[in-house]
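Observations on the three-dimensional arrangement
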Amino acid sequence: MIKIDNLSPSKMDDTDSMSDDEDENLTYEQQREKRMKKNEEMLDILGVNQAAKTLVSSLQKQTPVKKAKPVKNTSLKPERRSLRIANLPASEEYHLPGESELKSNNSESSKKYDSYETNFKDQSSISIPEEDSDFVEKLSDDLAIKEAVKDFHLLPSHKFVHVLKSLDMYTPSLKVCEKRIYSLAIHPSETSLIVAAGDMRGNISLYNNRNSEMREYRLHDAPVNCISFCTWDSHKLFSTSHDGSVRCGDIVKRTFNIIYKTEWKSQSKSKMNHATWHTEFERNLLIGNGSGHVDLVDTRTPDKIINTAWCHERSVRTVQCHPLEKHHFLTSSGIGEVSLWDIRNMTDQSINPVLQFEHPKSLTSAFFSASGTKMVSTCNDDNIRIFNTDRLNSSATKPINIIPHNNHTGRWLSVFKAKWNPGRDNEFFVGSMLSPKRIQVYNCAGHVLHNLMSTDMTTYCSVIEVHPTQAIYVGGNGSGRLHIFSTKEQLT
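Note that the coordinates shown come from a computational prediction; the quantities given were computed from them, not determined experimentally. (Residues numbered from 1 in each chain as written. Predicted model: local features only at pLDDT ≥ 70, side-chain atom pairs only at ≥ 80, totals over all residues. Heavy atoms only, no water.)

Here we come to the pairing of strand β24 (residues 427–431). With 5 of its 5 residues buried, β24 lies for the most part within the structure. Taking every second residue as pointing to the same face, both faces of β24 are buried, with Glu427, Phe429 and Gly431 on one and Phe428 and Val430 on the other. Looking at chain direction, strand β23 (residues 419–420) and β24 are connected through 2 bridges and run antiparallel. Pairing of Trp420 across the sheet is with Phe428, part of β24. Adjacent in sequence and paired antiparallel, β23 and β24 are bridged by 6 residues, among which Gly423 carries a positive phi angle near 80 degrees. Strand direction decides the pairing type here: β24 and strand β25 (residues 439–443), joined by 5 bridges, are antiparallel. (Buried < 20%, exposed > 50% of the residue type's maximum accessible area, 1.4 Å probe, protein only. Helix = DSSP H or I, 4+ residues; strand = E, 2+ residues; numbered from the N terminus. Pairing = 2+ DSSP bridges.)

Moving on, we get to the sheet that holds strand β4 (residues 194–199). Spatial ordering of the open sheet is given by β3-β4-β5-β6, a layout of 4 strands whose pairing is antiparallel. The open sheet has two edge strands with one neighbour each: β3 (181–186) and β6 (213–218). Strand after strand, the sheet turns through a mean of 15 degrees between neighbouring axes, direction not considered. The pairing of β3 with β4 spans 5 bridges and is antiparallel. (Axes fitted to C-alpha atoms, helices over the stretch in contact; angles between N-to-C directions.)

Let us look at the packing of aromatic side chains. Inspection of every chain in the model, using the stated rule, returns 8 aromatic pairs. Ring centres of Tyr217 and Phe256 lie 6.1 Å apart, and the angle between their planes is 40 degrees; on these two criteria the pair is classed as tilted. Taken together, the positions of Tyr217 in strand β6 and Phe256 in strand β10 (residues 255–261) put the pair 39 residues apart, joining distant regions of the chain. Relative to Tyr473, the ring of Phe429 lies with its centre 5.9 Å away and its plane at 90 degrees, an arrangement referred to as edge-to-face. Of this pair, Phe429 sits in strand β24 while Tyr473 sits in strand β28 (residues 473–476), and the two are 44 residues apart along the sequence. Taking relative accessible area as the criterion, Phe429 reaches 2% and is therefore assigned buried. What makes Tyr473 buried here is its relative accessible area of 0%. The structure contains a cluster of three or more aromatic residues connected by ring pairs, namely Trp420, Phe428 and Tyr442. Above the face of the Trp412 ring, Arg411 is positioned so that its terminal group lies 4.4 Å from the ring centre. (Phe/Tyr/Trp six-rings, centres within 6.5 Å; stacked < 30°, edge-to-face > 60°. Lys NZ or Arg CZ within 6 Å of the ring centre and 35° of its normal.)

Right, let's get into the side chain of His322. One can find His322 in the loop between β15 (316–321) and β16 (328–333). Residue His322 is classed as buried on the basis of its relative accessible area of 4%. Within polar-contact distance, the side chain of His322 engages the backbone nitrogen of Leu324 at 3.1 Å. At a separation of 3.0 Å, a polar atom in the side chain of His322 contacts the main-chain amide nitrogen of Glu325. (Polar contact = N/O pair within 3.5 Å; in protein donor to acceptor, adjacent residues only side chain to side chain.)

Time to look at the sheet that holds strand β18 (residues 355–358). Across the sheet, which stays open at both edges, the 4 strands sit in the order β15-β16-β17-β18 with antiparallel pairing between neighbours. The open sheet has two edge strands with one neighbour each: β15 and β18. For this sheet, the mean angle separating the axes of adjacent strands, direction not counted, is 15 degrees. Both β16 and strand β17 (residues 337–342) contribute to a ladder of 5 bridges, which runs antiparallel. Within β17, the position partnered with Thr331 by the bridge is Ser339.

Consecutive side chains along a regular strand alternate between the two faces of the sheet. With burial as the criterion, each face of strand β27 (residues 463–466) is covered, one bearing Val463 and Glu465 and the other bearing Ile464 and Val466. As defined by bridge partners, β27 adjoins β28 across 4 bridges and the pair is classed as antiparallel. Each residue of the ladder has a partner; that of Val466, found in β28, is Tyr473. In sequence, β27 turns back onto β28 through a hairpin of 6 residues.

Taken residue by residue, the chain gives an average pLDDT of 85. The fraction at 70 or more is 80%. The low-confidence segment residues 1–9 (pLDDT under 50) makes 5 contacts with residues lying over four places distant or belonging to another chain. Contacts from residues 96–101, a stretch scored under 50 in pLDDT, to residues over four places away or in other chains number 6 contacts. (pLDDT = per-residue confidence, 0-100. Contact = heavy atoms within 4.5 Å.)

Side chains of Met42, Leu43, Ile45, Leu46 and Val48 sit close together on the surface and give an oily, nonpolar patch of about 400 Å² of accessible area. Checked against the element boundaries, Leu43 lands in helix α2 (residues 28–46). (Patch = residues over 30% accessible without salt bridge, like charges linked within 9 Å, V, L, I, M, F, W, Y side chains within 5 Å. Areas by Shrake-Rupley, 256 points an atom, 1.4 Å probe, with all protein chains shown as cover. Salt bridge = Lys/Arg side-chain N within 4 Å of Asp/Glu carboxyl O.)

Its location among the elements puts Asn407 in the loop between β22 (399–404) and β23. Accessibility expressed as a relative area gives 4% for Asn407, which makes it buried. Sequence separation between Asn407 and Asp382 is 25 residues; the distance between their C-alpha atoms is 5.0 Å. Other than its neighbours up to four places away in sequence, Asn407 contacts Thr378, Cys379, Asn380, Asp382, Asn383 and Phe416. Here the side chain of Asn407 touches Cys379 through a polar contact of 2.7 Å, landing on its backbone oxygen.

For the structure shown, the criterion picks out 12 salt bridges. Where Arg32 meets Glu29, a salt bridge forms, and the shortest distance between an N and an O atom there is 3.5 Å. Of this pair, Arg32 and Glu29 both sit in helix α2, separated by 3 residues, roughly a single helical turn. When its relative accessible area of 42% is taken as the criterion, Glu29 is described as partly exposed. The partner of Arg215 in a salt bridge is Glu213, and the shortest N-O contact between them spans 3.7 Å. For Arg215, a relative accessible area of 10% translates into the label buried. Note on Glu213: relative accessible area 22%, which makes it partly exposed. Look at the salt bridges and you will find they share partners, linking Asp132, Glu213 and Arg215 into a network.

Shown next, in the form of structure tokens:
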């Protein structure tokens with residue numbers, strides 16, 4: 001408690017009167033300082049100054065001292081960089097089994113992985129190297145066709161499904177192509193399984209299962225869209241490439257000769273008018289290309305076009321002759337059209353189709369069944385359509401069944417193309433985006449008869465072919481490998 005002396009009013013009056021007399025002799029500034037000093041003494045007497053200091057000191061916060069965090073002794077790891085983006089080869093530990101076994105006729109060109117700027121299209125003839133003589137001689141012997149012992153595709157439906165369910169991968173996947181497989185063909189020989197595969201760089205690989213040998217030859221400048229063995233000469237095969245050329249390979253003569261090169265039919269000459277597909281017609285070829293034209297080519301005379309037809313505004317995706325009525329051919333296009341044409345009406349001007357099968361989006365393929373009574377189309381609206389083409393009239397243009405199927409394979413896989421089993425009108429096969437990975441076999445009712453699956457099948461097989469007479473299904477994937485499904489006895 002602060003003690004304050006009592007001041008009587010009389011004493012205070014006397015003090016004030018004395019101070020007033022003294023103030024008269026002081027200047028204004030002196031009076032001001034005197035009053036300030038007097039006020040300060042009064043605040044000290046009342047204890048106000050001390051209370052203010054105490055309050056200020058209590059309100060001041062002490063700043064906390066941060067403790068230094070312990071520094072972790074970590075070693076910096078090198079930053080990972082993509083060898084693929086840098087266009088560098090992978091180290092040996094990342095190479096797939098069998099990848100080093102590939103032999104090519106142009107090893108230097110493999111350094112330019114995605115470049116189409118080569119000159120194979122300008123080479124009218126490419127010969128098989130002499131070092132492959134032994135391989136070619138063995139291959140030529142196995143290409144001789146003998147009469148089929150048992151034709152799997154002619155079995156009744158219940159036996160067909162029974163054999164189908166017995167198929168499996170009895171050999172590991174085989175590395176046959178340098179890059180992604182775009183096309184496959186299986187030779188009808190029953191002496192040995194002989195497979196031809198075309199990849200995205202223009203390579204064609206020949207695989208002979210009898211001696212487990214393969215050879216790869218660079219024949220085109222761009223992806224090989226279509227490849228097939230000749231039906232009237234078992235030692236020949238045809239290949240159609242995105243570079244606009246078609247070659248005929250002759251195993252006897254050991255040459256691959258150009259028989260067709262596209263011309264500039266499109267309005268925009270800045271883009272290459274590519275070739276897309278081929279089909280046989282009376283020992284000639286019908287060839288579809290990117291301008292929407294289909295050319296009829298004489299295989300005996302190099303680069304001789306017999307006739308041509310302008311079928312679509314955009315690229316022809318597939319072309320196929322009717323199995324029985326040979327003067328009719330079927331085309332699919334990139335503008336949602338499947339059309340039936342008459343070869344006798346071919347002209348370089350736009351012609352009217354015999355029939356037109358409308359689709360909502362672009363197509364990847366359309367094919368007749370063995371006898372031509374059915375047609376299957378694969379469309380980018382994620383549907384497979386079945387048409388009854390027993391009678392080629394307006395009623396055939398309406399699908400009898402629409403089967404939902406995911407057809408979007410993306411940029412790293414080749415597109416799906418539903419194809420009929422050889423010799424059959426009710427069963428077809430197609431790749432699948434489902435997991436586990438599989439090859440699907442359907443009937444026309446849309447039922448899955450069987451899923452060809454295996455623990456050795458670890459990737460999607462979008463390109464699929466079937467042996468013409470045997471129960472052998474071969475799928476090609478995006479890394480150039482073959483997956484072979486067969487019975488246990490067929491490949492031993």
